[in-house]
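# Survey of secondary and tertiary structure
Each chain is listed here by its residues.
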Amino acid sequence: DAKTTQPNSMESNEEEPVHLPCNHSTISGTDYIHWYRQLPSQGPEYVIHGLTSNVNNRMASLAIAEDRKSSTLILHRATLRDAAVYYCILRDTASKLTFGTGTRLQVTL
Amino acid sequence: DGGITQSPKYLFRKEGQNVTLSCEQNLNHDAMYWYRQDPGQGLRLIYYSQIVNDFQKGDIAEGYSVSREKNESFPLTVTSAQKNPTAFYLCASSISRQRHNSPLHFGNGTRLTVT
């Protein structure tokens, strides 16, 4: 399975943009990049996914490097409710959907 | 509203007993998954199923068993052979495991404590 690398933790001030990086240097051509987030004692929640082009939805934006070896999840204005663990995973038809330890995002006033 | 229901939210068992965790989805998804999460850790795949009456072992299947008799249900049994069963168990589903652009939908988990 292709693996991803994320920082253990990041901090942000409320109402500021947050850029959460993810490295996936062994990504294959058919892997989709998915992002999920998990609040304490809850199941992960889907955030966004993409293949090659940058993607936007109501929750976030996903910027994918041209060589696809890294991506960045962008929260345009962080709120306290965005404090969570964010997981970046690669998904293809053979993937067992391995979740690493993710990035714990802390948002402060 | 469609979704995934895991029950119960908290479960307590004595060592040596088998216990079954329920997972039901009304999303009409073909693929279902069971993950285990330990404190401060990521999710590890236990079992997954692509279709009714079919399932495959994940990375940590030892000490667990599953069944998929109906499309909407994928119960997980934690057997007495599982050496460290205390954990947070998460069930997920997706439209199809073959469609790798389809997101996973997760339940809110069952926290199992074995003493």
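## Focus: unusual backbone geometry
- With omega at -10°, the peptide bond leading from Ser 7 of chain B into Pro 8 of chain B counts as cis.
- Here Pro 8 of chain B lies in the loop between strand E1 (4–7) and strand E2 (10–13).
- The phi angle at Ser 41 of chain A is positive, at roughly 60°, despite the residue not being glycine.
- Tracing the backbone shows Ser 41 of chain A in the loop between strand E3 (32–38) and strand E4 (45–50).
- On the basis of relative accessibility, which here comes to 40%, the residue Ser 41 of chain A falls in the partly exposed class.

## Considering the state of the cysteines
- Enumeration over the complete set of coordinates arrives at 2 disulfides over all chains.
- A sulfur-sulfur distance of 2.1 Å marks the disulfide that ties Cys 22 of chain A to Cys 88 of chain A. Measuring the twist about the S-S bond at about -80°, one finds the Cys 22 of chain A-Cys 88 of chain A disulfide to be left-handed. With Cys 22 of chain A in strand E2 (residues 18–23) and Cys 88 of chain A in strand E8 (residues 84–91), this residue pair connects regions lying 66 residues apart in the sequence. Note on accessibility: Cys 22 of chain A and Cys 88 of chain A belong to one class, buried.
- With its sulfur 1.9 Å from that of its partner, Cys 23 of chain B forms a disulfide with Cys 91 of chain B. On the sign convention where negative is left-handed, the bridge of Cys 23 of chain B and Cys 91 of chain B, at about -75° about the S-S bond, is left-handed. A residue pair is termed long-range when its members are at least 10 positions apart, and Cys 23 of chain B in strand E3 (residues 19–25) and Cys 91 of chain B in strand E9 (residues 87–94) qualify at 68 residues.

## Topic: the pattern of salt bridges
- In the structure shown here, the tally under the stated rule is 5 salt bridges over all chains.
- In this structure, Arg 77 of chain A engages Glu 15 of chain A in a salt bridge whose closest nitrogen and oxygen atoms are separated by 3.3 Å. Of this pair, Arg 77 of chain A sits in the loop between strand E7 (70–75) and E8 while Glu 15 of chain A sits in the loop between strand E1 (9–13) and E2; the two residues are 62 residues apart in sequence, bridging distant segments of the chain.
- On the basis of relative accessible area, Arg 77 of chain A is assigned to the exposed category, the value being 53%.
- Linking Asp 38 of chain B and Arg 36 of chain B is a salt bridge whose minimum nitrogen-to-oxygen distance equals 3.0 Å.
- By sharing partners, the salt bridges in this structure join Arg 37, Glu 45 and Asp 82 of chain A into a single network.

About the thresholds
Residues numbered from 1 in each chain as written. Chains lettered and ligands numbered in written order. Predicted model: local features only at pLDDT ≥ 70, side-chain atom pairs only at ≥ 80, totals over all residues. Heavy atoms only, no water. Helix = DSSP H or I, 4+ residues; strand = E, 2+ residues; numbered from the N terminus. Buried < 20%, exposed > 50% of the residue type's maximum accessible area, 1.4 Å probe, protein only. Disulfide = S-S within 2.5 Å. Salt bridge = Lys/Arg side-chain N within 4 Å of Asp/Glu carboxyl O.

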